[in-house]
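# Reading the structure
Residue strings, one per chain:
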Amino acid sequence: MTHAPALEARTDSAPRPGPATSPRPAGPKRRRRRENLAGYLFMSPWIAGFLLLTAGPMAASLYFAFTDYNLFDAPRWIGLDNFSEMFGDPRWRHSVRITLWYVVVGTPIKLIAALGVALLLAQKRRGQAFYRAAFYAPSLIGASVSIAIVWKAIFSDDAVVDRTQQLFGIDAGGWTGDPELIIYSLVALTVWQFGAPMVIFLAGLKQVPRELYEAADVDGAGKLRQFWNITLPMISPVLFFNVLLETIHSFQIFSSAYIVGGGAGGNACGPADGTMVYTCYLYVQGFENSRMGLASAMAWMLLVAVALVTAVLFWSQKRWVHYEEGGR
């Protein structure tokens, strides 16, 4: 009997089996690390393509812009000589004038045509889907080399355009053989490809509330006043997007100018440099004259010019682009 308390004490002090421990769940940091790893794995093809096909060539061209490089010999550092030669080249200045003329004339006409057709197609009518597809089709095929070849044939001597002019007593000949008229054939080609901005305008027009037009009708506002005070302000973000996109595309024109102008040879950029747009002269210097260093300098100047124009457009949009929130 005297040993019972000691036995009870030993029994109380003995370790008692607890509940089975389960593995701890992964913490939020580990889960986030796994998600990031999966995301980087899916992005790896794009990252590799950007580094190898975009960032790498851009860095190399920036270096070549300050060198004398002909694609065959090792580049030789010459500092700012390429830029000084470029600014003093009369053909380079001519290419700048031709490109600016093309951008200032071709882009507004193309956007006006796109907006005009979009206003017509925004009205409900029979065969609307067919008309939309028909007007959009040139944007899909207009940038191809085959269309540029056909365009050159249409505007050549004794072709469709020349014979049509003769019917009205105009004896101007083919446009592609005239240094003064050949640039207008390029403008006509880019205006013909108004389908892409037309679709964007059409989407913007669908977002304009019909109640605004009904209220304007009650107030006695005409169609022109409704267009100026309702349609344009409401689609101004879409208009800004199209202006920005088409302006950048206009600065980058090459294939149509090169093909319509004549292609490889002594008149690669048209008769008397009639289609000597900036990128065409860049191609001539880089691949026909084997002056890749000078061509790289020209490419970076084009990049800086497009960046400045883009910055000006973004600065100006605060004054004329209206958003639904009421800001500009």
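I will try to describe carefully the structure that is included in this document. (Residues numbered from 1 in each chain as written. Predicted model: local features only at pLDDT ≥ 70, side-chain atom pairs only at ≥ 80, totals over all residues. Heavy atoms only, no water.)

Right, let's talk about the packing of helix α12 (residues 236-251) against helix α15 (residues 292-320) for a bit. The contact between α12 and α15 brings their axes to 11 Å, and the two run at 165°. Comparing their axes, α15 and α12 come out roughly antiparallel. The two elements α12 and α15 cross, and the hand of that crossing is right-handed. When α12 is examined against α15, the residues Ser236, Leu239, Phe240, Val243, Leu244, Thr247, Ile248 and Phe251 are found in contact with a partner set consisting of Leu302, Val306, Val309, Thr310, Leu313, Phe314, Gln317 and Trp320. (Axes fitted to C-alpha atoms, helices over the stretch in contact; angles between N-to-C directions. Helix = DSSP H or I, 4+ residues; strand = E, 2+ residues; numbered from the N terminus. Parallel < 35°, antiparallel > 145°, perpendicular 65-115°, else oblique. Left-handed = near helix turned anticlockwise from the far one by under 90°. Contact = heavy atoms within 4.5 Å.)

Structurally, Thr67 is set in strand β1 (residues 67-68). Residue Thr67 is classed as buried on the basis of its relative accessible area of 0%. A polar side-chain atom of Thr67 sits 2.8 Å from the main-chain carbonyl oxygen of Phe64. When near neighbours in sequence (up to four residues on either side) are disregarded, Thr67 contacts Pro75, Arg76, Trp77, Ile78, Asn82 and Gly293. (Buried < 20%, exposed > 50% of the residue type's maximum accessible area, 1.4 Å probe, protein only. Polar contact = N/O pair within 3.5 Å; in protein donor to acceptor, adjacent residues only side chain to side chain.)

Further remarks concern the pattern of salt bridges. Under the defined criterion, the tally for this structure stands at five salt bridges. Among the salt bridges present, the one from Arg76 reaches Asp68, with a minimum N-O distance of 3.2 Å. Notably, a salt bridge pairs Asp158 with Arg163, separated by 3.4 Å at the nearest N-O pair. On the accessibility criterion, Asp158 (47% relative accessible area) is partly exposed. (Salt bridge = Lys/Arg side-chain N within 4 Å of Asp/Glu carboxyl O.)

Remember that the coordinates give geometry; whether it matters functionally is a separate question.
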